[in-house]
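# Architecture at a glance
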Amino acid sequence: MVNKRVTALGPNMKKLVIVAIIVAALVAFYQLGGAEYLQPATYQALYAEQPTTTLAVYFVVYVAVTALSIPGAALMTLIAGAVFGLKTGLVLASFASTIGATLAFLSSRLLLRDWVENKFGNYLQRINDGIDKDGAFYLFSLRLIPVIPFFVINLAMGLTKLSTPAFYIASQLGMLAGTSVYVNAGAEIGQIDSLSVSGILKPSIIVAFALLALLPFIARAFMNFVVGGVRRRLAANKAYAPWAAQKPSTFDRNVIVIGAGSGGLVTSLIGATVKAKTTLIEKGAMGGDCLNTGCVPSKALIRAAKARHEILHADHFGLGIEGPVDVDFEKAMNHVRSTIKAIEPHDSVERYEGLGVEVIQGAAEVTSPWSVTVNGQTLTTRSIVLATGAEPFVPPIPGLNDIDYVTSDTVWELKSLPKRLLVVGGGPIGCELAQAFRRLGSEVAITDMAGRLVPREDEEVSALLEDVFRRDGIAIKTRFKTTGFVRDGDRQYAAVEAEDGTAEQLDFDVVLMAVGRKPRSKGYGFDALELETRRNGTLDVNEFLQTRFPNIYAVGDVTGPYQFTHTAAHQAWFAAVNSLFGFVRKFAADYSVIPWATFTDPEIARVGLSEQEARDQGIAYDVHRYDLDDLDRAIADHATEGFVKVLTVPGKDKILGVTIVGYKAGDIIAEYVLAMKHGLGLNKILGTIHIYPTMAEANKFVAGVWKRANAPEKLLDWVGKIHRWRLS
C-alpha cells in the first residue's frame, strides 16, 4: 500500500500563482509585439489574406486588453468597425469586451481587494451601496452611462457580492449601446477613401461622431426616462400588489403630512399655498423638536450663559464688576420658556389653519399606502409625507436607569442648576450645552470615546474649541468610554475607562446623555408597510424622497442624511412638489451645498468639504486662511478667537469648502453658501464691497489671501519694469 499526501495550495500561494500568471501574460503581450495589435493597419493587412485567423487574433487580443486592464479598449472597439464592418465588428467587440471584463472581475475578486479599496475607495463605496440596493441593475446602469471608467467597474465589482453570471449578463447588455456607437464610428472611418474635405466630412461620418459625442447624454436620458421609469413602475407595482384591494376609488385629500416639525410645516405650507387639500397631523407640540426642545431653547440658554460670561469678563472693556454674578436658574429657564412662547405663533395651529392647512392633533398611524388613521378616524389621501423627526439616543449603559440623567429633550425640565454636570458625548449638542451650563456656574466634565470634540470638523477646530473649554473650566475626557453608572447613597458617579485601560470615577449630580439621535420610526405603522430602513435606522428613500411606495415620501431627521432643521425645510420643498406635481415632473433633492453651525463660543460653521474630508477623499485642494485676530471689528469686540479657512480647486478660485470659527460664524458663512450654490468664486467675493468695520470683512480678506497666493508673478515683474521705466 502506498500512502499519498496531497497538499492543497494555501490561499496566499494561490494568489501568488495567479499574480505570476497575470504578470507573465502582460510581459508576453508586449514581448511578443502585442502593441502592434492595437493598430488598425496590423489587422487590415492580415484580414485580406487570412480572415478567420484575423478574427481569432483580434478576439484574443481584445479579451487580453480588457482582462489585463491595458489601455486601449476604446481603440480596439473602433478597430472592430474599421476592419470588420459594423455587424461582424459589433459581435466580436461585444463578446470579447464582456469576456475580458469578466476575467478582470474574477481576478479582482481573488487578488485585488486591498489595493482596489485603497485606490478607488470613493468609487467602491458608491458601487457597494448601489449593488446592495439594486443588484445587477446598478451594474447595468453604470455600463450604460460611463461615468466611471469601465476598468474601474470591473475591478470594483469583483469586491462585491454580485454573482459572476449576473455580472456577465449585465455587462453584455449594458455595454452594447456604447459598443455599437464606437463600432459604427470605426466602420465610417474605415470607409474613408479620400483625405479631401468631401471625403472626410461625409454626412454619415458626421453623424457617427455626433453619436459618439452625445452617447453619455443619450444614455443618461434613456436611463432616466425609459429604463428608470420602467424600473420604478415595476418596483411600485410589486410594493403596491398586497395592498391593491385597499386602494380607494377616490381620495379625501391630496396630501397628509405626519409631523409638525420643520419638514412637516414647510410641506404643509407649500401644499396649502398651491391649493391642494392638505392635512397636517401632530401628536405633540406644534413646531417639533426645534421649537420645543432643540434649536430655540438651547440658543436661548446659550445667550443667557453668554451674558453672564460677558459680565464676568467685562474688564476687557474697562468695566469693573464687583462681587459675584449670581444666577437665578429659574429666571434663566423662564427666559427659555418665554422665547419659545414668543416664537410659538409662527408654528401654531391657528396660523396654519389660517393659511389653509387642516391641522389634526393626535397620534397618526399609516394603515395603507393611501390611508392614515388618527383619533379613530380613517383619512384617505393621494400622497403621504412622513416628517416624524428623531429623538435622543440613550445607550444601554449599566446603571443608567439608577441615576439622575437628562437628554436634550428633558434637560429643560431641570428645576435647579446642577452643581456638577457630566456630559456624555462631545458632538455639537453636548458641546453647546456643556459650555452653557459651565458659564451659568455648573462644574462640567465632558466625556467621549472619540479622540477629540466635534470630530466631524478639522483637528485644528477641535483643538481651538478644547482650548476655550479648558479656559472656561470644563474638564475634557476624550478617548474615554463610559462603562457604567453607580449610585452609592447620596453619591453618584460614572465609571470611565481610557484607551490605555486606566479607570476613573467621575462624580456628578446630573448626567446629560448627548451621544446622538435616532429616527422616530416606531408606532406609525411603518413596519406593517415594510418601509425599508438604512443601517442607522433612517427610512430609505430615493433621490425624489420616495419610499418603496412612490406616493409615500419622507423628509427631515427620520430619513436624513443630515439632521438639521434647515435641511428638513429644504427637503420639504422637494417632497411637497414631487407629491403634488410628480405626475408631470419630479425633482431630485439637491444636497450639493449644505451648511451647518455649532453654536459654541466661538461658533463653528461649515459648508462643503473640510480639509480632513478632502484628504480622505483624495481631492486636490489649496487652502487659504485668515485669522480673526487681524480683523478690526474682532479686535474692537474682543472676539479675536478663530479664523476663516477656504478650500479651493488648485490654481482656481472655485470654492470646495469653508470652515469658519469665530463670533457670529453661523451668520458670516451665508456669503459662502450663496457663492457655492451659484458657482461664484473668491474673485467675486474680493470684488464685493463689505461694510467696515464688520466681521463679514473676514470673507473679503481671505479672498485677498487667495489672490496673493495666485498672483501672476512674471506678469507683475514686467509691470514693475514698465513703472520703473516710466520714472526715467
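Right, let's walk through the structure included here. Since we're looking at a predicted model, the values are computed, not measured. (Residues numbered from 1 in each chain as written. Predicted model: local features only at pLDDT ≥ 70, side-chain atom pairs only at ≥ 80, totals over all residues. Heavy atoms only, no water.)

Our next topic: the nonpolar core. Residues I258, I281, V366, V372, L386, L545 and F549 are the most contacted members of the largest nonpolar core, which totals 47 residues. In this structure, F549 is in contact with A239, Y240, W243, P369, L529 and L531, ignoring residues within four places of it in sequence. Counting 39 residues, the second largest nonpolar core, distinct from the first, contains I340, F469, V510 and I604. (Core = buried A, V, L, I, M, F, W, Y, C linked by side-chain atoms within 4.5 Å. Buried < 20%, exposed > 50% of the residue type's maximum accessible area, 1.4 Å probe, protein only. Contact = heavy atoms within 4.5 Å.)

Buried residues dominate strand 9 (residues 420-424), accounting for four of its five residues. Relative to strand 10 (residues 443-448), strand 9 runs parallel, the two being bridged by five bridges. Counted as the bridge partner of L422 is A445 from strand 10. Between the parallel pair strand 9 and strand 10, the chain is carried across by helix 19 (residues 428-440), and the sense of this crossover is right-handed. Pairing of strand 9 with strand 15 (residues 510-513), which is carried by four bridges, proceeds in the parallel orientation. Bridging from a neighbouring strand, L421 pairs with V510 of strand 15. (Helix = DSSP H or I, 4+ residues; strand = E, 2+ residues; numbered from the N terminus. Pairing = 2+ DSSP bridges. Right-handed = clockwise from strand over helix to strand, strands pointing away.)

Running from amino to carboxyl end, helix 3 (residues 51-67) crosses helix 5 (residues 86-111) at an angle of 35 degrees, the nearest separation of the two axes being 7 Å. Here helix 3 runs over helix 5; the crossing is right-handed. The residues of helix 5 that touch helix 3, namely those facing L55, Y58, F59, Y62, V63, T66 and A67, are T88, L92, A93, F95, A96, S97, I99, G100, A101, L103 and A104. The residue makeup of the contact of helix 3 with helix 5, split by class, is 14 nonpolar, four polar and no charged. (Axes fitted to C-alpha atoms, helices over the stretch in contact; angles between N-to-C directions. Left-handed = near helix turned anticlockwise from the far one by under 90°. Nonpolar A, V, L, I, M, F, W, Y, C, P; charged D, E, K, R; others polar.)

With that settled, consider a nonpolar patch on the surface. On the surface, a cluster of nonpolar side chains totalling about 380 Å² of accessible area is made up of V91, F95, I99, L103 and L106. Structurally, the position occupied by I99 is in helix 5. (Patch = residues over 30% accessible without salt bridge, like charges linked within 9 Å, V, L, I, M, F, W, Y side chains within 5 Å. Areas by Shrake-Rupley, 256 points an atom, 1.4 Å probe, with all protein chains shown as cover. Salt bridge = Lys/Arg side-chain N within 4 Å of Asp/Glu carboxyl O.)

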